[in-house]
Amino acid sequence: MPLGVTIPEKEVLRYMGYHGITKVEPDTQVRIGKAIDQVESQSHPRIVTKEYPIRVRGNDITVYNGTEEIVLTSESLARNLKGCCGAVLLAATIGPACDMLVRRASVTSSADASIYQAAGAAAIEAFLDDYNDKLEKEYAAQGLFLRPRFSPGYGDLKLDHQKDWFRLLDISKQIGVELTDSLLMVPTKSVTALIGIGIDKSKVGCSGCSECGKHDTCAYSKEDK
Amino acid sequence: MGLRERLGKEWLFCDGGTGSILQGLGLKGGELPETWNLTRPDDIKALNKSYFDAGSNIVNTNTFGANRFKFDNVSEIVTAAVKICQQARKEAGREDDAYVAIDVGPTGKLLEPMGDLPFNVAVDVFAEIIKAGYEAGGDLVLIETMSDSYEAKAAVVAAKEVCDLPIIVTMVYDETGKLLTGGGVEGTVAMLEGLKVDAVGINCGFGPTQMLPIAERLVKCCSLPIVVNPNAGLPRTENGVTVYDVDPDDFASVMEQIAKLGVHVMGGCCGTTPDHISKMINTVKAVPFTAPTVKNETYVTSFADCVKIGKKPVIIGERINPTGKKKLQQALRDHNTDYLLTEALKQEEAGAHILDVNVGLPEIDEPSMMEDVVLKIQSVTNLPLQIDTTNIEALERGMRIYNGKPMINSVNGKEENIKAVMPLVAKYGGVLVALPLDEGGIPETSDGRIAIAKRIYEEADRYGIPRKDIVIDGLAMTVSSDPNSAIATLDTVRRVRDEFDGHSILGVSNISFGLPARELVNSHFLTMAMQNGLSCAIINPCNGPMMASYRSFNALMNLDPNLQEFITAFKDYVAGSATVASTKSSGAASGAVLTLGEAIERGVVGRAAEAMKEALDSGRDSLEIIDSELIPSLDRVGKGFEAGTIFLPQLLMSADAAKAAFAVVKEAMADKPRNTKGQVIMATVKGDIHDIGKNIVKVMLENYGYDVIDLGKDVPPEVIVDCAIENNIKVVGLSALMTTTVASMEETIKLMREKKPDTKIVVGGAVMTPEYADQIGADAYAKDAMATVRYCDSVFEGSV
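Basis of the calculations
- Residues numbered from 1 in each chain as written.
- Chains lettered and ligands numbered in written order.
- Predicted model: local features only at pLDDT ≥ 70, side-chain atom pairs only at ≥ 80, totals over all residues.
- Helix = DSSP H or I, 4+ residues; strand = E, 2+ residues; numbered from the N terminus.
- Rg over C-alpha atoms; globule rule 2.2 N^0.38 Å.
- Buried ≥ 20, exposed ≤ 12 C-beta atoms within 10 Å, placed from the backbone.
- Contact = placed C-beta atoms within 7 Å.
- Expected span 1.5 Å × (residues − 1).
- Pairing = 2+ DSSP bridges.
- Axes fitted to C-alpha atoms, helices over the stretch in contact; angles between N-to-C directions.
- Nonpolar A, V, L, I, M, F, W, Y, C, P; charged D, E, K, R; others polar.
- Domains from an automatic or database assignment.
- Parallel < 35°, antiparallel > 145°, perpendicular 65-115°, else oblique.
- Left-handed = near helix turned anticlockwise from the far one by under 90°.
- Core = buried A, V, L, I, M, F, W, Y, C linked by C-beta atoms within 7 Å.
- pLDDT = per-residue confidence, 0-100.

### Quick notes on the overall build of chain B
(1) Moving on: Along its length, chain B carries 30 helices and 25 strands.
(2) Moving on: Relative to the globule expectation of 28 Å for 800 residues, the C-alpha radius of gyration of chain B, 30 Å, shows essentially globular dimensions.
(3) Moving on: Referenced to the eigenvectors of the C-alpha coordinate spread, the extents of chain B come out at roughly 90 × 75 × 50 Å.
(4) Moving on: Going through the 800 residues of chain B one by one, you find that 55% of them count as buried.
(5) Moving on: A sequence separation of at least 24 residues applies to 74% of the contacts in chain B between residues at least 6 apart.

Spelled out as structure tokens, the structure:
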């Protein structure tokens, strides 16, 4: 099953470290185009989601899973979720093929490796953005609004919470993503995230970028500096 | 009666779900169900008993996740589970016809090379569980819910090494019949049959209706008893509790349809209850039982690919074999696996279906090289491999680590050789190339070769290796020393097909050894051999005339539907240029007039290498070319990058071009000592599997004249420090991408300070900052590859 959405070239360029440039040399353009085609056709995206009631108190966010309560402590996430009483937890991947494309490219060309890497990163984001749009419409029909996606490791939300995501969503079994000892996900083009559900449109502390400590110096930031 | 005597001869039934039942009894989210074996044994016993009472013949112990990653008392938990299940069976009065299955689920980790769990560690993890279960008296090993065929192989190997119990393996496929790791039904079955398990099947993932088409595919390709254990439909959450949508009556009626397809063992998985199982048993028992039938297809598989050996000949790429190849020999001595990987990718692109892997050189440690190379090639290609060695230890290491069912090259008719090779094939599975020669040498006639082939088939029978998995080598030998040799070889190939209904293979190019214009003889001989029934051709797929023969043969013999392969390969063919082979354009044409410097600045790889060759051919000194053209142009790009006018991709393309130019120099000076600025270690620290950044730095350092020892990714501190001591290294570059792995960076630095304080450490990676670098005690922070080069220059030039 191919990716199902188009990978925006602009995003690939951003992940490659181009700033404020939308046109590149024809040679590079061809290589990027090929990488995008390959990643789009060889991906096999999968997603698992579950909605939970939550409660935000100070910097503590409590996720209620039946009889169990999981507490996430994070100032930035609490800001993102202000006024929310529910959240969608999700995990998604574009599958293992992209990792192999990157490894293959690494053998012959470091430039191609970085292009495939960027195309893969843009692919999982494009897939999630598309999913997010659909979700937004579904909730809008119920008069609810979604907050920007927020992932373990963003801002001050500890990466350790990956383990909670994996357990709650049974990620390994559902979509074939595993967690390494150092809390990295394989296949690498995978994302875990939480989307707050609120009754208002407020979008404070929006993107992961603005919450990041390297926001000002990062070569890949989404925002112009 | 033992389970082995009953499997495939009568209906047998597994148990159903446990998770939702235990939740109903109060198992909390986050609580590990296996702990109940010790804390609430009566509840587990009641659960087991309810399935024995429902009529299940095979009931799982409560050990699905009882591995060392979750428990430090695995043996205690497993032993208790087996005892509980035995007691339940006794209380249910089923001791004479029901079995206690040691239940083995996935580890929750992904194996190398995709993940971080080494194959042999996975085998240990499974062996610990199975050994405890076996010693406690379990009757069989049930390996289930596997979504990675490689992990399933690790569990099967473990089971075979600690006990002789029957082994059942059930995998999780998606609706399209794919595993989460990409493998398909047919390839997975071929691998498991090769491993000689007792039954295979499918469980979990979805309900019986969606499982029907997968069961159909299993019945078509599988010679073993088939197990089908679906969920009770799809889960949904009601008031925080997971419920499933297929009730016992509906479950039973769909299972009846699946039973009629000709499967042999049935049960349930998530959401099914004793009620589902007992209704299913009542319904299915009335369906006539069909025993499994032997299928005659021969498959060689990788984790994702499945190559059928049959009517259409298969191309086996011969390029990864050091015999007569100086560059490959040097690459093996230098442990330059990238060179081997490049050869693998080239052959794949040229149209190979399987790759031969031979790494035999007298001066290297062949077993560990084989293991390493097999793992690495499988990380970049889906093509199945042919493990080619005469070293039995290398053969076993290669077969063990291999992900799938490989080809094995080879066994011969010598008694000693059969005794060494066949037990390995019986253990790990594989399609075995058999050379019809023996203690008496190579028979000159096909009669002699066929006689030995017959004996090898009979030996295979004795070892339980199916005849379909034997491929007889026709033994191509040069016509220049024996004018009858081609005839004898072609006769042998034809007779293997006609007399044994068997498969054959040839190392085609041997036929022309010592002759001029070898590709002419080889390509015609290939056509003749295929016409005589050749199944596998070991050739160089990058050779135009050979592939032209192959594709033409398929087109003419109706083995190329719609002539698609032929047309794709030759649509741009120019008459008279029979050497057109590769479908890849080099891109060199576009830069045909560029100078070396321009080619590097613009990142035109092909032209850079060509220009360097031209310069060397014109008699210029290599060092002079490097200093006056290569380095200055690379520097211009580097400075542009530092100034922000040139972006990373351009820098990398230039680096690739420079690397290609250097490769030309290196080859030209193969026998002369190289001038380097010094040795530098590069490594991605333990726990981190990202290596693109590290690889970029490596390429840049090499281009700037450094000799880089690349220790790879996920490298433990001791390895880095030991290597630094051994080679008296001045600078070590460490990379880490995640905050979680910076800790192991710090650990590495600490150990280095303690054991080899004079080595400088430069760090980089996504989360690194100058402050962070300082905090963990690094000597320097490098924000990118160029900064690393500059830092190394400063150290080696003595300014730091």
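The structure having been displayed, the exposition proceeds.
### Here we look at the overall build of chain A
(1) Moving on: Secondary structure summary: chain A contains eight helices and eight strands in total.
(2) Moving on: For chain A, buried positions account for 49% of its 225 residues.
(3) Moving on: Considering only residue pairs separated by 6 or more positions, chain A has 75% of its internal contacts joining residues 24 or more positions apart.

### What about the environment of Glu 371 of chain B?
(1) Moving on: Within the element layout of this structure, Glu 371 of chain B appears in helix α14 (residues 366-380).
(2) Moving on: Excluding anything up to four places from it in sequence, Glu 371 of chain B contacts Arg 397, Gly 398 and Ile 401 of chain B.

### Section: helix α5 (residues 74-91) of chain B
The periodicity of an α-helix, 3.6 residues per turn, causes residues three or four places apart in sequence to face the same way.
All names here are of chain B.
(1) Moving on: Across its 18 residues, α5 extends 26 Å between first and last C-alpha, which sits within 8% of the 26 Å expected from 1.5 Å per residue.
(2) Moving on: For α5, the set of buried residues is Val 74, Ile 77, Val 78, Thr 79, Ala 80, Ala 81, Val 82, Ile 84, Cys 85, Gln 86, Ala 88 and Arg 89.
(3) Moving on: Elements in contact with the buried residues of α5: α3 (36-39), α4 (41-54), β2 (58-60), β3 (99-104) and α6 (119-135).
(4) Moving on: Following α5 by one or two positions, Gly 93 has its phi on the positive side, about 70 degrees.

### Remarks on the sheet that holds β3 of chain B
Residues and elements named next belong to chain B.
(1) Moving on: Strand order in the open sheet formed by eight strands is β1-β10-β7-β6-β5-β4-β3-β2, with parallel pairing between adjacent strands. Every other strand in the sheet has two partners, leaving β1 (12-13) and β2 as the edge strands with one partner each.
(2) Moving on: Pairing of strand β4 (residues 140-146) with strand β5 (residues 167-171), which is carried by four bridges, proceeds in the parallel orientation. Across the sheet, the residue bridging to Val 141 is Ile 167, located in β5.
(3) Moving on: Contacting β2 and β3, α5 crosses the sheet at an angle of about 150 degrees to β3.

### Quick look at the interface of chain A and chain B
(1) Moving on: Chain A puts 36 residues into the contact, and the matching count from chain B is 42 residues.
(2) Moving on: Elements with a minimum of two residues in the side of chain A that touches chain B: α4 (97-108), α5 (110-140) and α7 (171-175) of chain A.
(3) Moving on: In terms of residue count, α4 of chain A provides more of the side of chain A that touches chain B than any other element does, seven residues in total.
(4) Moving on: A per-class count over the side of chain A that touches chain B returns twelve nonpolar, 15 polar and nine charged.

### Considerations on the domain arrangement of chain B
Reports often express the size of an interface as the amount of accessible area lost when the parts come together.
(1) Moving on: Per the domain assignment, the segments making up chain B are domain 1 (3-284), domain 2 (298-560), domain 3 (589-668) and domain 4 (678-796).
(2) Moving on: Relative placement of domain 2 of chain B and domain 3 of chain B: their C-alpha centres are 40 Å apart.

### Concerning the packing of helix α17 (residues 446-463) of chain B against helix α18 (residues 485-500) of chain B
Residues and elements named next belong to chain B.
(1) Moving on: Remark: α17 packs on α18, axes separated minimally by 9 Å, with the N-to-C direction vectors making an angle of 40 degrees. In this view, α17 runs oblique relative to α18, as classed from their interaxial angle. For the pair α17 and α18, the crossing hand works out as right-handed. Contacts from Ser 446, Arg 449, Ile 450, Ala 453 and Tyr 457 in α17 reach Ala 488, Asp 491, Thr 492, Arg 495, Val 496, Glu 499 and Phe 500 in α18.

### Remarks on the pairing of strand β2 (residues 60-65) of chain A
Residues in a regular strand point their side chains to alternate faces of the sheet.
All names here are of chain A.
(1) Moving on: Here strand β1 (residues 46-57) runs beside β2; their pairing, made up of four bridges, is antiparallel. Bridge assignment links Arg 57 to a residue of β2, and that residue is Asp 60.
(2) Moving on: The pairing of β2 with strand β3 (residues 68-73) spans six bridges and is classified as antiparallel. Residue Asp 60 lies in a different strand from β3, and its bridge partner there is Thr 73.
(3) Moving on: In sequence, β2 turns back onto β3 through a hairpin of two residues, with Gly 66 there showing a positive phi of about 60 degrees.

### Things to note about the packing of helix α13 (residues 337-350) of chain B against α14 of chain B
Residue and element names in this part refer to chain B.
(1) Moving on: Across the interface, α13 lies against α14 with an axial gap of 10 Å and an inter-helix angle of 50 degrees. Our classification of the angle between α13 and α14 gives oblique. The two elements α13 and α14 cross, and the hand of that crossing is right-handed. Across from Thr 337, Leu 340, Leu 341, Ala 344 and Leu 345 in α13, the residues of α14 making contact are Asp 372, Val 373, Lys 376, Ile 377 and Val 380.
(2) Moving on: The residue makeup of the contact of α13 with α14, split by class, is seven nonpolar, one polar and two charged.

### A few points about the sheet that holds strand β21 (residues 678-684) of chain B
All names here are of chain B.
(1) Moving on: Strand order in the open sheet formed by five strands is β22-β21-β23-β24-β25, and the pairing between neighbours is parallel. Edge positions in the sheet fall to β22 (706-710) and β25 (780-781), since each of these pairs with one other strand and no more.
(2) Moving on: In this structure, strand β24 (residues 760-764) lies alongside β25, joined through two bridges in parallel fashion. The partner of Val 762 across the bridge, within β25, is Ala 780.
(3) Moving on: Strands β21, β22, β23 (731-735), β24 and β25 of the sheet are contacted by helix α30 (residues 785-796), whose axis makes an angle of about 170 degrees with β24.

### Overview of the nonpolar core
(1) Moving on: Grouped together as the largest cluster of nonpolar side chains are 323 residues, with contacts concentrated most on Ala 608 and Ala 661 of chain B.
(2) Moving on: Contacts of Ala 661 of chain B, omitting those with residues within four sequence positions, involve Leu 596, Ile 600, Ala 608, Ala 609, Met 612 and Leu 630 of chain B.

### Re helix α9 (residues 208-221) of chain B
(1) Moving on: A rise of 1.5 Å per residue sets the reference length of α9 of chain B, with its 14 residues, at 20 Å; its end C-alpha atoms lie 20 Å apart and thus fit the reference within 8%.
(2) Moving on: Those residues of α9 of chain B that are buried lie in contact with α8 (185-194), β6 (199-203), β7 (226-229) and α10 (248-260) of chain B.

### Let's talk about the confidence of the model for chain B
Residue and element names in this part refer to chain B.
(1) Moving on: On average, residues of chain B score 92 in pLDDT, and 97% of them are at 70 or above.
(2) Moving on: For the stretch residues 579-591, pLDDT sits under 50, and the model shows 25 contacts to residues farther than four places along the chain or on other chains.
(3) Moving on: As a predicted assembly, this complex carries a pTM of 0.89 together with an ipTM value of 0.87.

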